[in-house]
Amino acid sequence: MTEPSRFDAGAPASAGSPVMIQYYEIKRANPGCLLFFRMGDFFELFFDDAVAAAGALDIALTKRGRHDGADIPMCGVPVHTAETYLARLIRAGFKVAICDQIEDAAEARRRGVKGPVRRAVVRVVTAGTLTEEGLLDARRHNYLVGLAEAGGEIGLAWLDLSTGAFALAPSSEPALPGDLARLAPGEILLPERMLTRPALYELLAEWKPVLTPLPNPRFESGMARRRLEDFYGVAALDGFGNFGRAEIAAAGALVDYVGLTQQGRAPYLEPPRRVMPGSVMQIDAATRRNLELVANAAGERRGSLLTTIDRTVTAAGARLLADHLAAPLTLPAAIAARLDAVEYFSHCADQRMALREVLRHCPDLERALTRLSLGRGGPRDLAAMRQSLGETGSLRHTLAEPGLVPLPELLAAARCGLGQHGVLVDRLGRALADELPLFARDGGFIAAGYSDELDAWRRLRDESRRTIAALQARYAAETAIAALKIRHNNVIGYYVEVSASHAGKLRPEFIHRQTMAGAQRYTTVELADLETRIAQAAERALALEQHLYDDLVGEVMARRAEIAGAAAALAVLDLAAALAERAAEGGWVRPAVEAGTAFEIRGGRHPMVEAGLAASGDGGSFVANDCVLAEERIWLVTGPNMAGKSTFLRQNALIAILAQIGSFVPAGAARIGIVDRLFSRVGAADDLARGRSTFMVEMVETAAILNQAGPNAFVILDEIGRGTATYDGLSIAWAALEHLHAVNRCRALFATHYHELTALAAKLPALACHTMRVKEWKGDVVFLHEVGPGAADRSYGIHVARLAGLPTTVTARAEEVLEILEKGEQGGALARLADDLPLFSAALRRADPAPPPESAAEALLRDTRPDELTPRDALDLLYRLKALVTG
Ligand code: ADP
């Protein structure tokens, strides 16, 4: 309790004081939240809240008053730096209810009622409902996701309060993990009863820190529908799409929650969009991690696919790219439309440069718009509007210049979506000053010349200040005290100050106010009058500025749909130009994306490894490789360690993703039949947090692939089975490969060290063997990083061990052991195994694990000895069999 000002607002003397009673009431009404209770310049927390927050924020826990004979724990954070503390609390998983003073002490006095100033919760801050720049990542969406069940179906809805994005989609238990991985929600709302289902509980375990279970009735679909209709002011939702009941229940709960956390203030939300099932490539969480789509293996952005391809220059463009990357499309026409836009900017490099230069100066419209609509904005948000909307004209102009090719559909639509904002931009341009404060309440942001009345009040205020300076000079002359000063502070306002030794020289009109060490302070009637005039003028000026601010915000709000349209258009333009920029940088090509199961990559490269090699500057360049899956749709890739197998596998999966988000790809040429599901099992890492060993993780992921991949899937499997004993692992890899071939029938790349598997190629018609080429030279091995037909006969593991610095005694002994093992019996045994493929029985087992009872026809056939039949017997047998089958 070092700052007495913390209790200026009438602090509680005891737990039973009026302020504490007010506190209890508000606290009770906001269960599950820390309560930030405004007292003067601080937000104070009490009781358990204080203990929890002090721990999480590492700030001092003090005490205030007593309750039930014990001290009340308390801690607090200054209002002006509250955002930093909020960010930390939200990150630590808390929800915070902000309880503000909604009148000042003077108003409370005028009200005449004794008691504390009025306070109310103005907002509940949760991880999924953030809007402040300081709490958000500018380049990522922060989704609030709703889950609901109705009619036996699961519905999903998501919105980003900070940008207004809003979408719905049907989901299901098997699809849910992938859907959530795609959205990476900041917070998930769901009815309490869903968590009582063990299967769902298990499935949602990894999202536990962001789950917000709510009472079941909030997810009632009828009410949810009405809530959405009210929110959008429509009689029926059908105009937006044909939504399922569960989806509506989820969406309604979201809108309800937004109302609750924003205390009734309505943000701007786009009309809800339905994401059709199957319209995006399904990629599960493990695959996303394995392929390092948005974060590298260490969880950092550096080196991820997103960072490697992101050349956007606006935050909204970056968010759109992250969204697209999370959800590649599956409709060739939609992909082609995006590719057309990128191709356009690839051809028109000058236009692209000009456009990007303009976009670079466009601040974030979407988030500024949300803040303004929630009453949380400030003059700088208006300036963002002026700036970005002001650039729409020059963007339109840039796009109007005749290019080498006509403007493709997506860009033409974006050009149109930029809209016309001349009047608003002009008004904002005239209204806003050059230097802007963060908050409207600080004043000083309206430009001179915009309002005559404001200018008059300001003149008065400033003139009065000049009059004070003149008064000081006059008093100094009249009293012959050259050091006489007129000063100001917030406690006593303006005063005349002279040193103690001069005090006796003053006339009686100087009224004594304060004695300081070595100085005396006075006031005069004249000074007090002047002070009142200054205060009035400043107060009027500030009130008028506030009024003008509200007017401007009102004008922005009246046009929010158009502004949101312009914001969306800016993002589309930025993204298309950025992808073209990236393509130009890396010599990437437009892929042909079509229906079917083609997969033909010529000269493909791995975007991150290639960028890494280029950045390392040691002269090594990436070796491009082909991958052509046709009749032979599964490639078995063998080769030594470090030869580039994983790189090759991943690059093809990444190329498929890039193609389907509508980006050019790092290859000489590419033709890809739509991939509806992508699976990757690469490398192995213990998932200790979830108590699973490497091998268990590997098997869980492999199971997902074998159970779910269909004919349009694309699978990469890297060294499965390596986490267990050799024969165990080999057997699993063997059987998995057969399953992929006979049951899943998808395109797949399968890398392995089990060279024994290459024996399968002779038996499985759709399997082809490829290997990473190496050159042995003077006892050394040189990796060429080239993929060619054939099989490796060795892994060169001992060679790699030598490179890694294992003691020579160990590597020499290993050579000896290897020689003995290689002469062993296993080769013969495995060759026999290859002749006895349980391939078709595997397919049967999958369809129905219990063997069906033998039919009469089968029994007859089993008992027949073909060698002993005469031609006549054979014909009879045929008739009997036919009779048995047709009944
Ligand atoms: P493996 O899976 O066969 O052990 P990796 O795919 O992990 O090998 O590749 C090992 C290293 O080799 C990579 O980190 C990369 O530096 C290099 N490399 C892989 N493929 C290529 C390539 N096509 N061109 C150039 N360097 C490559």
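S.K.: I'd like a rundown of the overall build of the chain, residues and numbers included.
M.R.: The secondary structure content of the chain amounts to 30 helices and 27 strands. For the chain, the C-alpha atoms occupy an extent of roughly 140 × 70 × 65 Å along the three principal directions. Across the 887 residues that make up the chain, the buried fraction comes to 49%. Counting contacts in the chain only where the partners sit at least 6 residues apart, residues at least 24 apart contribute 69% of the total. With an accessible surface of roughly 41300 Å², the chain has 55% of that area assigned to carbon and sulfur atoms. Averaging the positions of the 98 positive and the 109 negative side-chain charges in the chain gives two centres separated by 4 Å.

S.K.: Lay out the sheet that holds strand 1 (residues 34-39) with the relevant residues and their values.
M.R.: Read across the sheet, six strands follow the order 3-4-2-1-5-6 without closing on themselves; strand pairing throughout is mixed. Unpaired on one side and paired on the other, strand 3 (62-67) and strand 6 (119-125) mark the two borders of the sheet. Looking at each pair of strands side by side, their axes are set apart by 35° on average, direction ignored. Relative to strand 5 (residues 96-101), strand 1 runs parallel, the two being bridged by four bridges. Residue pairing for strand 5: L34 is matched across the bridge by V96. Packed onto the sheet, helix 1 (residues 18-29) meets strand 1, strand 2 (42-46), strand 3, strand 4 (70-78), strand 5 and strand 6 and runs at close to 145° relative to strand 1. Sitting on the sheet, helix 2 (residues 47-57) touches strand 1, strand 2, strand 3 and strand 4, and the angle it makes with strand 4 is about 50°.

S.K.: Describe in detail the packing of helix 17 (residues 422-431) against helix 19 (residues 525-558), supporting the description with residues and values.
M.R.: Where helix 17 meets helix 19, the closest approach of the two axes is 11 Å, and the angle between their N-to-C directions is 160°. By the angle between their directions, the pair helix 17 and helix 19 is classed as roughly antiparallel. Relative to helix 19, the crossing made by helix 17 is left-handed. Contact residues: L424, R427, L428 and A431 in helix 17; D551, L552, E555 and V556 in helix 19. When the residues that make up the contact of helix 17 with helix 19 are grouped by side-chain class, the tally is five nonpolar, no polar and three charged.

S.K.: With reference to specific residues and values, describe the side chain of D364.
M.R.: Within the secondary structure, D364 is located in the loop between helix 13 (349-359) and helix 14 (365-373). Within the local environment of D364, its side chain forms a polar contact with the backbone nitrogen of E366, the two atoms lying 3.3 Å apart. At 3.4 Å, the side chain of D364 and the backbone nitrogen of R367 are in polar contact. For D364, the residues in contact, after removing those within four places along its chain, are A138, A315 and R319.

S.K.: Describe the sheet that holds strand 9 (residues 165-171), and please don't skip the residues or the numbers.
M.R.: Pairing between the strands of a sheet is mediated by backbone hydrogen bonds and can be parallel or antiparallel. Strand order in the open sheet formed by six strands is 11-10-7-8-9-12, with mixed pairing between adjacent strands. On the outer flanks of this sheet lie strand 11 (211-214) and strand 12 (273-274), each paired with one strand and no other. Where strand 7 (residues 144-150) lies against strand 8 (residues 153-160), seven bridges are found, and the strand directions are antiparallel. Directly across from L147, in strand 8, lies its bridge partner L156. Helix 8 (residues 245-261) contacts strand 7, strand 8, strand 9, strand 10 (187-191), strand 11 and strand 12 of the sheet and is inclined by roughly 35° relative to strand 8.

S.K.: Give a description of the pairing of strand 5 that names residues and reports values.
M.R.: Residues in a regular strand project their side chains so that they alternate between the two faces of the sheet. Taken across its six residues, strand 5 has five buried, putting it largely inside the fold. In this sheet, strand 6 lies alongside strand 5 in antiparallel orientation, the contact comprising six bridges. By the bridge assignment for strand 6, I98 is matched with R123.

S.K.: How would you summarise the site of the ligand if you had to cite specific residues and measurements?
M.R.: In the neighbourhood of the ligand, 14 residues make up the surrounding shell, with V623, M642, K645, S646 and T647 lying closest. In the model, an oxygen atom of the ligand is placed 2.6 Å from a nitrogen or oxygen of the T647 side chain. For the shell around the ligand, the elements supplying multiple residues, two or more each, are helix 21 (607-616) and helix 22 (645-661). Counting residues per element, the shell around the ligand draws most heavily on helix 22, at three residues.

S.K.: Describe in detail the packing of helix 12 (residues 332-347) against helix 13, supporting the description with residues and values.
M.R.: Running from amino to carboxyl end, helix 12 crosses helix 13 at an angle of 105°, the nearest separation of the two axes being 5 Å. If you check the angle between helix 12 and helix 13, you find them roughly perpendicular. Where helix 12 abuts helix 13, its residues Y344, F345, S346 and H347 lie against A349, Q351, R352 and L355.

S.K.: I'd like a rundown of the pattern of salt bridges, residues and numbers included.
M.R.: Across all of its chains, the model carries 46 salt bridges by this definition. Residue R465 pairs with D462 through a salt bridge whose shortest N-O separation is 3.7 Å. Highlighted residues: R465 and D462, both in helix 18 (residues 452-479), separated by three residues, approximately one helical turn. Of the residues examined, D462 reaches a relative accessible area of 29% and is grouped as partly exposed. Through salt bridges with shared partners, a single network forms among R474, E478, R507, E509 and E526.

S.K.: Let's hear about the pairing of strand 14 (residues 485-489): which residues, and what values?
M.R.: Pairing geometry for strand 14 and strand 15 (residues 493-499), over five bridges, is antiparallel. Bridge pairing in strand 15 links H488 to Y494. Hairpin connection between strand 14 and strand 15: a loop of three residues separates the two successive antiparallel strands.

S.K.: A description of unusual backbone geometry should follow, citing residues and the corresponding values.
M.R.: Phi is positive for D58, close to 55°, though the residue is something other than glycine. The topology assignment puts D58 in the loop between helix 2 and strand 3. Residue class for D58 comes out exposed when judged on its relative accessible area of 68%. In this structure, M642 takes a positive phi of about 70° despite not being glycine. Within the secondary structure layout, M642 lies in the loop between strand 21 (634-638) and helix 22. For M642, a relative accessible area of 60% corresponds to the exposed category.

Conventions and cut-offs
Residues numbered from 1 in each chain as written. Predicted model: local features only at pLDDT ≥ 70, side-chain atom pairs only at ≥ 80, totals over all residues. Heavy atoms only, no water. Helix = DSSP H or I, 4+ residues; strand = E, 2+ residues; numbered from the N terminus. Buried < 20%, exposed > 50% of the residue type's maximum accessible area, 1.4 Å probe, protein only. Contact = heavy atoms within 4.5 Å. Areas by Shrake-Rupley, 256 points an atom, 1.4 Å probe, with all protein chains shown as cover. Lys, Arg positive; Asp, Glu negative; His and termini not counted. Charge placed at Lys NZ, Arg CZ, Asp CG, Glu CD. Pairing = 2+ DSSP bridges. Axes fitted to C-alpha atoms, helices over the stretch in contact; angles between N-to-C directions. Parallel < 35°, antiparallel > 145°, perpendicular 65-115°, else oblique. Left-handed = near helix turned anticlockwise from the far one by under 90°. Nonpolar A, V, L, I, M, F, W, Y, C, P; charged D, E, K, R; others polar. Polar contact = N/O pair within 3.5 Å; in protein donor to acceptor, adjacent residues only side chain to side chain. Near = heavy atom within 4 Å. Salt bridge = Lys/Arg side-chain N within 4 Å of Asp/Glu carboxyl O.

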